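The lines below spell out each chain.
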Amino acid sequence: MKIGNRLFYPQAFLALDRQAVATVCRALGDLDASEKMIFWLREHGAVGGKGIAAALDAGTAVVKAQRLAAAWARERGGGRVVAA
C-alpha cells in the first residue's frame, strides 16, 4: 500500500498468498489507502464476522473476498478498478 510517498506491506498480509492480497486490493479499485486498510481490518459479516485477512487464512475463497471488496468499493464510490 502506498501512503504518501512510502510503500507499506501490512503485517496482516505476511501470512497470506501475495496473489490473493493483490486480487482483493485490485477489487478495491481506486479507494485511497486508508479506506482499503479499513476494509482489510474491519470484521465483515459476509465472512463469518472475521477480518478479510483472517477469513482468507481460514480458507475463505479469494473470489468471495474479491466480490466483497468490489461491493465495498462501489458503496464508497471507488468502484473503478486500478490496473495491476
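Look above for the structure.
Residues numbered from 1 in each chain as written. Predicted model: local features only at pLDDT ≥ 70, side-chain atom pairs only at ≥ 80, totals over all residues. Heavy atoms only, no water.

Student: In this structure, what is going on with the packing of aromatic side chains? I would like to understand it.
Tutor: The relation between two aromatic rings is expressed through the spacing of the ring centres and the mutual angle of the planes. Applying the stated criterion across every chain yields a total of 3 aromatic pairs. Members of the aromatic cluster, each reached through a chain of ring pairs, are F13, F39, W40 and W72. R76 extends its terminal NZ or CZ atom over the ring of W72, reaching a point 3.4 Å from the ring centre. (Phe/Tyr/Trp six-rings, centres within 6.5 Å; stacked < 30°, edge-to-face > 60°. Lys NZ or Arg CZ within 6 Å of the ring centre and 35° of its normal.)

Student: I tried to follow the environment of A27 on my own but got confused; where do I start?
Tutor: Tracing the chain through its elements places A27 in helix α1 (residues 18–27). The class of A27 is buried, set by a relative accessible area of 8%. Spatially, the C-alpha atom of A27 lies 7.4 Å from that of R67, the residues being 40 residues apart in sequence. Excluding residues that lie within four positions of it along the chain, A27 makes contacts with Q66, A69, A70 and A73. (Helix = DSSP H or I, 4+ residues; strand = E, 2+ residues; numbered from the N terminus. Buried < 20%, exposed > 50% of the residue type's maximum accessible area, 1.4 Å probe, protein only. Contact = heavy atoms within 4.5 Å.)

Student: What should I look at first to understand helix α4 (residues 62–75) in this one?
Tutor: Each α-helix turn comprises 3.6 residues. Residues three or four places apart therefore point the same way. For α4, spanning 14 residues, the distance from its first C-alpha to its last is 20 Å, which sits close to the expected 20 Å at 1.5 Å a residue. In the stretch just after α4, G77 is the one whose phi turns positive, near 75°. (Expected span 1.5 Å × (residues − 1).)

Student: I would appreciate a short explanation of helix α2 (residues 33–41) in the present structure.
Tutor: Three or more residues of α2 are buried, namely A33, K36, F39 and W40. When α2 is viewed along its axis, its buried side chains cluster within an angular range of 120° and face the same direction. Contact partners of the buried residues in α2: β1 (2–3), α1, α3 (52–57) and α4. (Arc of directions from axis to C-beta.)

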